[in-house]
Amino acid sequence: LASGVGLRQAGRVVGLSVRGVQSKFRKVARGMRQLNRNLLRRLPGPGRRTFLLDEMETFEHSSILRLTVPVLVERESLAILFVDVAPIRRVPRRGSVRQRWLARHELEHGKRKDRSRICVRRVFARFRRLLGGKPAHLITDEKALYGALLRRVVPDGVSHETVSSKRPRTTRNPLFPSNLTEAMARDNNGRMRPRSWLVSKERRYLRAQLEVFVAFRNWHRPRTNGDVPARTPGVVLGLAERAYAIAELLAWRQDWRDRSIHPTSADGSRAVGSRLRAAA
C-alpha cells in the first residue's frame, strides 16, 4: 500500500478479498498513526534545524471536491513530521461544465466548506510541540496565511523564509526537499495520483493512507536511493537507531503513548517513552 498498489491489486497479491484488505488497511493505518505520534513527540538534541512546509492538492470522490494536504518536512533528514488533510473550495470558471457540476453538487449536499486555515493551524500547533522551545528556521512559499499563523501560533525563535512558487523546481530551489517528498507521496500513494481509479471516496481514508506512508517512509525506507538501507529519515533525524523492519512496526500496540512498547523491543520490556527521554 505504500508503494502505489491499490486495494484490489493488493488483495490479488496477498490472497485476500478487497473487503479483507480494506479491514487490514484500516487497522494498520490506526496503528501507524499512533506509532508516528509516539515516535515523533519531540525533536532530539540542541541546534537550529531547518523545516519546510508546503501544500499539495488532490480530491475525494470526484475532481470538483478538492482537498489540501499540507506536509511538514525536516530538510536534512527528509523526515515527514506531520501531514494533514482538509477540504477546500475551488470555484471553476463561471459558465464552465465544472462550475455547473459543482453547483449541482452543492445544491444537493450544501456548500462545501474551506478548512485550509484550520488545517494549517493544526500543522503549526504540531510544529510548536515538536520544537519544544528550540530555535528553528522555516521555509515556505509566499502564501500570506503561513506568515500570519506562524506569528500567532509558534513562539519567538523561529525565523521564516519565503520562496516564490514560480521559481524552477530544481535542486537549487530551497523548497526542493519538500517538492521531492511530495513527488514521492504522489508516486507511492495511488490515491493521490491525478486521473486515478484509486482515488479515496472519503478524505479520512486518504489521511489513513498517508499515515501508512509516513511510517514506511520515516522508519523503514532509506532516506534516498543512494543511502545505505539502514539510513532512514528517522535515523538521520536521531529518533531511531536503525531501520525498523515491517514486522517490528506492526508488532506492538501503540495506543498507550509513552508506555507503548518500542518497536525494537523483542520481549516488551522497553517503552517508547524511555527512548524519547534518552534522545532528549
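In what follows, the structure referred to is the one given above.
What this report covers is the structure whose coordinates are included nearby. This structure is a prediction, so every number in the text was calculated from the model and none was measured.

### Topic: a positive patch on the surface
Part 1 of the reasoning: Among the surface-exposed residues, Arg19, Lys24, Arg26, Lys27 and Arg30 lie close enough to one another that they form a single positively charged patch.
Part 2 of the reasoning: Mapped onto the elements of the fold, arginine 19 is located in helix 2 (residues 18-39).
Part 3 of the reasoning: Using a relative accessible area of 60% as the deciding quantity, one classes arginine 19 as exposed.

### With respect to the nonpolar core
Part 1 of the reasoning: In this structure, Phe51, Leu72, Leu81, Phe124, Phe127, Leu138 and Trp219 are the most contacted members of the largest nonpolar core, which totals 35 residues.
Part 2 of the reasoning: Secondary-structure elements contributing two or more residues to this core are helix 2, strand 1 (49-59), strand 3 (80-83), helix 4 (116-131), strand 5 (136-141), helix 5 (144-153) and helix 7 (203-219).
Part 3 of the reasoning: Per-element accounting of this core gives the leading share, seven residues, to helix 4.
Part 4 of the reasoning: Among residues more than four places away in sequence, those in contact with leucine 81 are Leu40, Leu43, Phe51, Leu72, Glu74, Arg126, Leu130 and Leu237.
Part 5 of the reasoning: Among the nonpolar cores identified, the runner-up in size contains 14 residues, and Leu67, Val73, Val83 and Ala185 belong to it.

### Some thoughts on the packing of aromatic side chains
Both the distance between ring centres and the angle between the ring planes are used here to describe each pair of aromatic rings.
Part 1 of the reasoning: Scanning all chains against the criterion turns up two aromatic pairs.
Part 2 of the reasoning: Judged by centre distance (5.1 Å) and plane angle (70°), the rings of phenylalanine 51 and phenylalanine 127 are edge-to-face. Of this pair, phenylalanine 51 sits in strand 1 while phenylalanine 127 is found in helix 4, placing the two residues 76 residues apart along the sequence. Across the pair, phenylalanine 127 and phenylalanine 51 agree in class, each one buried.

### Focus: the pairing of strand 3
Part 1 of the reasoning: Pairing between strand 2 (residues 66-74) and strand 3: three bridges, direction antiparallel. Opposite valine 71, over in strand 3, you have valine 83 as the bridge partner.
Part 2 of the reasoning: Once strand 2 ends, the chain turns through five residues before running back antiparallel as strand 3, passing leucine 78 with a positive phi of about 65°.

### Side note on the side chain of threonine 50
Part 1 of the reasoning: By secondary structure assignment, the location of threonine 50 is in strand 1.
Part 2 of the reasoning: The class for threonine 50 is buried, based on a relative accessible area of 11%.
Part 3 of the reasoning: If we skip the residues at most four places from it in the chain, threonine 50 touches Val73, Glu74, Arg75, His137 and Ile139.

### Side note on the pattern of salt bridges
Think of it this way: side chains of opposite charge can pair up when their charged atoms draw near.
Part 1 of the reasoning: Inspection of every chain in the model, using the stated rule, returns 17 salt bridges.
Part 2 of the reasoning: One salt bridge in this structure joins aspartate 255 and arginine 253, with 2.5 Å as the shortest N-O distance.
Part 3 of the reasoning: For arginine 253, a relative accessible area of 53% corresponds to the exposed category.
Part 4 of the reasoning: Beyond isolated ion pairs, a larger network of salt bridges with shared partners links Asp84, Arg122, Arg207 and Glu211.

### Some remarks on helix 5
Part 1 of the reasoning: If you check which residues of helix 5 are buried, you get Leu145, Tyr146, Gly147, Leu149, Leu150 and Val153.
Part 2 of the reasoning: Tucked inside the fold, the buried residues of helix 5 contact strand 1, helix 4, strand 5 and strand 6 (158-163).

### Some thoughts on unusual backbone geometry
Part 1 of the reasoning: With phi around 70°, histidine 61 is a residue other than glycine that occupies positive phi space.
Part 2 of the reasoning: Position of histidine 61 among the secondary structure elements: in the loop between strand 1 and strand 2.
Part 3 of the reasoning: A positive phi angle, close to 55°, is found at arginine 195, a residue other than glycine.
Part 4 of the reasoning: Note on placement: arginine 195 falls in the loop between helix 6 (176-188) and helix 7.
Part 5 of the reasoning: The class for arginine 195 is exposed, based on a relative accessible area of 85%.

### A short note on the packing of helix 6 against helix 7
Part 1 of the reasoning: The contact between helix 6 and helix 7 brings their axes to 11 Å, and the two run at 120°. The orientation of helix 6 with respect to helix 7, classified from their angle, is oblique. When you trace helix 6 past helix 7, the crossing you get is right-handed. From helix 6, Met184, Ala185 and Asn188 reach across to helix 7, where they touch Gln209, Phe213 and Arg217.
Part 2 of the reasoning: Along the lines of polarity and charge, the residues of the contact of helix 6 with helix 7 split into three nonpolar, two polar and one charged.

### Brief notes about the environment of methionine 184
Part 1 of the reasoning: Within the fold, methionine 184 resides in helix 6.
Part 2 of the reasoning: With 29 residues separating them in the primary sequence, methionine 184 and phenylalanine 213 have C-alpha atoms 9.9 Å apart.
Part 3 of the reasoning: For methionine 184, the residues in contact, after removing those within four places along its chain, are Phe213, Arg217 and Arg221.

Reading guide: rules and limits
Just so you know, the residues in each chain are numbered from 1, in the order the chain's sequence is written. Reporting of local features is limited, given that this is a predicted model, to residues whose pLDDT is at least 70; pairs of side-chain atoms are given and counted only at 80 or more, and all residues count toward the totals for whole chains, interfaces and linings. As a rule here, side-chain values cover all heavy atoms of the structure and leave hydrogens and water aside. To count toward a patch, a residue needs a relative accessible area over 30% and no salt bridge; like charges are then connected within 9 Å, while nonpolar side chains (Val, Leu, Ile, Met, Phe, Trp, Tyr) are connected within 5 Å. To be clear on the numbers: accessible area is Shrake-Rupley with a 1.4 Å probe, and residue cover counts the displayed protein chains and nothing else. Salt bridge, as used here: a side-chain nitrogen of Lys or Arg that lies within 4 Å of a carboxyl oxygen of Asp or Glu. Only four residue types enter the charge count: Lys and Arg as positive, Asp and Glu as negative, with His and the chain ends excluded. The atom standing in for a charge is NZ when the residue is Lys, CZ when it is Arg, CG when it is Asp and CD when it is Glu. Helix and strand assignments follow DSSP, with helices taken as H or I runs no shorter than four residues and strands as E runs no shorter than two, numbered in order from the N terminus. Here the term buried applies to any residue with accessible area under 20% of the maximum for its type, exposed to any over 50%, and partly exposed to those in between, with areas from a 1.4 Å probe on protein chains only. Think of a nonpolar core as a cluster: buried Ala, Val, Leu, Ile, Met, Phe, Trp, Tyr and Cys residues, connected wherever their side-chain atoms sit within 4.5 Å. Contacts between residues were defined by any pair of non-hydrogen atoms, one from each residue, lying within 4.5 Å. Ring pairs shown here join Phe, Tyr and Trp side chains whose ring centres sit within 6.5 Å, with only the six-membered ring taken for Trp; geometry is labelled stacked below 30 degrees between planes, edge-to-face above 60, and tilted in between. Two strands qualify as a pair provided DSSP detects at least 2 bridges between them. For helices, the fitted axis covers only the stretch in contact; all axes are lines through C-alpha atoms, and the angles between them, taken along N-to-C directions, range from 0 to 180 degrees. Angle categories: roughly parallel below 35 degrees, roughly antiparallel above 145, roughly perpendicular from 65 to 115, and oblique for all the rest. What makes a crossing left-handed is the near helix being turned counterclockwise from the far one by less than a right angle; a clockwise turn instead makes it right-handed. Under the scheme applied, nonpolar residues are Ala, Val, Leu, Ile, Met, Phe, Trp, Tyr, Cys and Pro; charged residues are Asp, Glu, Lys and Arg; polar residues are all the others, including Gly.

Keep in mind these numbers describe shape, not what the thing actually does.
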